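Remarks on the overall topology
One letter stands for each residue in the lines below.
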Amino acid sequence: MTERSTPTTSPDATENILGRAARSAAALLPRWGEWTPAARSPGADLLAGLIVALVALPLALGFGISSGLGAAAGLTTAVIAGAVAAVFGGSRFQVSGPTGAMTVVLVPIVAQYGPTGVLAVGLIAGLVLVVLSFAGVGRAVRYMPAPVIEGFTAGIAVVIALQQVPAALGIADTEGEKVWQSAADAVHQFVQGPSLLTPATALAVAAVILLGGRYLPRVPFSLIAVAAATLIAQLFDLDIARIGTIPAGFAAPSLDFLHPRELTSLLAPALAVAALAALESLLSATAADSMAVGARHNPDRELFGQGLANIAAPLFGGVPATGAIARTAVNVRSGARTRLAALTHALILAAIVYLAAGLVAQIPLAALAGVLLATTARMVETASILAITRATRADTVVMVATFLVTVVFDLVTAVAVGVGFAAILALRAVAKSARIEQVPLEPDDHLAEEHDLLREHIVAYRIDGALFFAAAHRFLLELADVADVKVVILRMSRVTALDATGASVLKDVITKLEHRHITVLISGAKTEHLRPLEALGVFTTKDDEERHLFATTPRAIAYARMLLLTEGHHVSPDVEGLIHDPQHA
């Protein structure tokens, strides 16, 4: 009888697998070289860290209270998660801590399970993020459609604002499972017994922050407004609700194990926390890259750092955290260069926890509500929203649907609905535009002609198919790498669909190439594709539009050759007439 052999893995294959795993793990760990510039010249990072800490203090207190665990939990999160993410995260500018989006998810968890439930959710979410980092999921955020991001952000802003309504009106207890229900109940109670002191405090703080930030953006008006409100409340002994006692230190929650049935019921909220932490952190890191010159974050390492931060913060009595877009933007604009700035911000907040807990306890709750109301007003990019609404009807539908689901239901459902809508409408656009047509071979398609163009430092790219969110970023990476070229011609006659994300990426391509002194010309663009380009400001003036748009590729090539021959001099009328002659082809 023949013995059946058992398949085995060869030693070489095992070594290759272990080697790849080791390299993946090494890529996620911090390196000393990241800290060398800070060690040589720490001044700019220390100052930036101080400014960010002053901005983060009232936000951490406010978000801690909004989560239901109190101001101390917010400070703890800013310190622990901020320090861990600064060391292990994938962006040198990212500032992590409690955020309004996360509090929206945490409020029902705190109400039902208390601090122990938050600890369990944080641990599970942190482990999920670490697993996602090893799986390389971080790079998927580049495929997030722009209308989903804008609708999501605007929805979060409205939810955070609704959360502040009870504190801004001085109402302690409200009814309602959803934030809009609680806000409506707070307004109803306020109307029955109105008191103007509390809402006046909230509105005054918000006004100071918004007006001051508009004219002096580097001054920490949030801290100044809160300090002034606290001082006035103390001097005049105003009858207004305060934060109350804050422990001078970090207190770990009870580590009593939940019942297995309760633990199972927390899996869905934990996955929601992990998804939100991943999404918000990666979007924040991407925004930081766009604000800083030559910056590029590691998305998988960012997930790894946020995973460790979400494991650590609840162990010390904090809440799950994410990268904070507002604080990260302040960090970049304050001159931060390395991770030392974010770490300094966490250390300064830790000193406040131990040395100034008594002063913080006297801050009026209405003042923190004002800080968060001002934050929501600055979260919404009105120009981006209006541009998307002018781009295409499908993009508007996606953005509005994401916004409404965020406000009415929850954030994770909103992202899923938004991406689903975007995918369906994008596929519908591709299906409607798909057609078979005979494309004649043009003279500039010949290999010899292409070589002649390359010798003249001119390169022509033909874009085929749909330029929408799934393909747009690959297009950006490919075009951004062109070298030794003076003129790039984008042939768009075969583009079948162009959405707001594709137009936005095309704008980024043109901007980056022109920063490298490379002129970009567009040929063959259809009328329906010009509308989103114009809405997003790809062409700023009518002259720009006429100079860069051509009906056919030969016209664009003639114009490109003329530019190189004249070397930036004005075009003669004869040459200008030749280029715009309708018979020229």
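This text goes with the structure placed above it.
Attention here is on the structure that accompanies the text. (Residues numbered from 1 in each chain as written. Predicted model: local features only at pLDDT ≥ 70, side-chain atom pairs only at ≥ 80, totals over all residues. Heavy atoms only, no water.)

1. Looking at unusual backbone geometry
Convention followed: Each helix corresponds to a stretch of at least 4 residues labelled H or I by DSSP, and each strand to a stretch of at least 2 residues labelled E; elements are numbered beginning at the N terminus.
At D237, a position not held by glycine, the phi torsion is positive, near 50 degrees. With respect to the helices and strands, D237 occurs in the loop between helix 9 (221–235) and helix 10 (260–265).

2. Focus: helix 9
Along an α-helix, residues three or four apart share an orientation, since each turn contains 3.6 residues. What counts here: Expected helix span is computed as 1.5 Å times (number of residues minus one). Buried, partly exposed and exposed residues are distinguished by accessible area as a fraction of the type maximum, computed with a 1.4 Å probe on protein chains only: under 20%, between the cut-offs, and over 50%, respectively. Should any heavy atoms of two residues lie within 4.5 Å, those residues are counted as being in contact.
The end-to-end C-alpha distance of helix 9, which contains 15 residues, comes to 21 Å, matching closely the 21 Å that a straight helix rising 1.5 Å per residue would cover. Taken as a whole, helix 9 has its buried residues at F221, S222, A225, V226, A229, T230 and A233. Looking at the packing, one finds that the buried side of helix 9 touches helix 3 (43–67), helix 8 (197–215) and helix 16 (365–379). Positioned one or two residues after helix 9, D237 has a phi angle of 50 degrees, which is positive.

3. Quick word on the pattern of salt bridges
Just so we agree on the cut-off: Just to be clear on terms, a salt bridge is a Lys or Arg side-chain nitrogen sitting within 4 Å of an Asp or Glu carboxyl oxygen.
Going through the model one piece at a time under the given rule, you end up with 3 salt bridges. Between E34 and R31 there is a salt bridge whose closest N-O contact spans 3.7 Å. Residue class for R31 comes out partly exposed when judged on its relative accessible area of 43%. Residue R301 is joined to E34 by a salt bridge in which the shortest nitrogen-to-oxygen separation is 2.3 Å. Remark: E34 occurs in the loop between helix 1 (11–27) and helix 2 (36–40) and R301 occurs in helix 12 (residues 299–315); sequence separation between them is 267 residues.

4. Describing the sheet that holds strand 7 (residues 519–523)
Short version of the rule: One bridge is not enough; two strands pair if DSSP finds at least two bridges between them.
Reading across from one edge, 3-5-7-8 is the order of the 4 strands in this open sheet, with parallel pairing throughout. Of all strands in the sheet, those with a lone pairing partner are strand 3 (458–462) and strand 8 (549–550), marking the two edges.

5. Comments concerning the nonpolar core
Heads up, the rule is: Take the buried Ala, Val, Leu, Ile, Met, Phe, Trp, Tyr and Cys residues and link them wherever side-chain atoms come within 4.5 Å; each set so joined is a nonpolar core.
Ranked by internal contacts, the top residues of the largest apolar core, which has 73 residues, are L61 and L349. When residues in this core are grouped by element, the largest group, 13 residues, is from helix 5 (residues 100–135). Membership of the second largest hydrophobic core comes to 23 residues, among which are V488, L490, V509 and I510.

6. Side note on the side chain of S182
The residue S182 is located in helix 7 (residues 179–192) in this model. By relative accessible area, which is 15% here, S182 ends up buried. Look past the residues within four positions of S182 in its chain and what remains in contact with it is P166, T174, E175 and G176.

7. Regarding the environment of V130
Along the polypeptide, V130 turns up in helix 5. Residue class for V130 comes out buried when judged on its relative accessible area of 15%. For the pair formed by V130 and L303, sequence separation is 173 residues and the distance between their alpha carbons is 6.5 Å. For V130, the contacting residues outside a window of four places in its chain are F304, G307 and L308.

8. What about a nonpolar patch on the surface?
Formally: Residues forming no salt bridge and having over 30% relative accessible area are the ones grouped into patches, like charges within 9 Å of each other and nonpolar side chains (Val, Leu, Ile, Met, Phe, Trp, Tyr) within 5 Å. Computed by Shrake-Rupley with a 1.4 Å probe, the accessible areas treat only the displayed protein chains as cover when residues are assessed.
Judged by side-chain polarity, Y215, L216, V219 and I224 come together as a nonpolar surface patch covering roughly 400 Å² of accessible area. Inspection of the secondary structure assignment puts Y215 in helix 8. Judged by its relative accessible area of 61%, Y215 is exposed.

9. Focus on the packing of helix 5 against helix 12
Rules: Between N-to-C directions, angles span 0 to 180 degrees; the directions come from axes that are lines fitted to C-alpha atoms, helices contributing only their stretch in contact. Working rule for angles: under 35 degrees goes down as roughly parallel, over 145 as roughly antiparallel, 65 to 115 as roughly perpendicular, anything else as oblique. Should the near helix be turned counterclockwise from the far one by less than a right angle, the crossing is left-handed, whereas a clockwise turn marks it as right-handed. Charged residues are taken to be Asp, Glu, Lys and Arg, nonpolar residues to be Ala, Val, Leu, Ile, Met, Phe, Trp, Tyr, Cys and Pro, and polar residues to be all remaining types, Gly included.
Between helix 5 and helix 12, whose axes approach to 7 Å, the crossing angle comes to 165 degrees. One element, helix 5, and the other, helix 12, form an angle in the roughly antiparallel class. Crossing geometry of helix 5 relative to helix 12 is assigned as left-handed. For the pair helix 5 and helix 12, contact is made by V118, L119, G122, L123, G126, L127, L129, V130, L132, S133 and F134 and by D300, L303, F304, Q306, G307, L308, N310, I311, P314 and L315, respectively. Partitioned by chemical class, the residues of the contact of helix 5 with helix 12 number 14 nonpolar, 6 polar and 1 charged.

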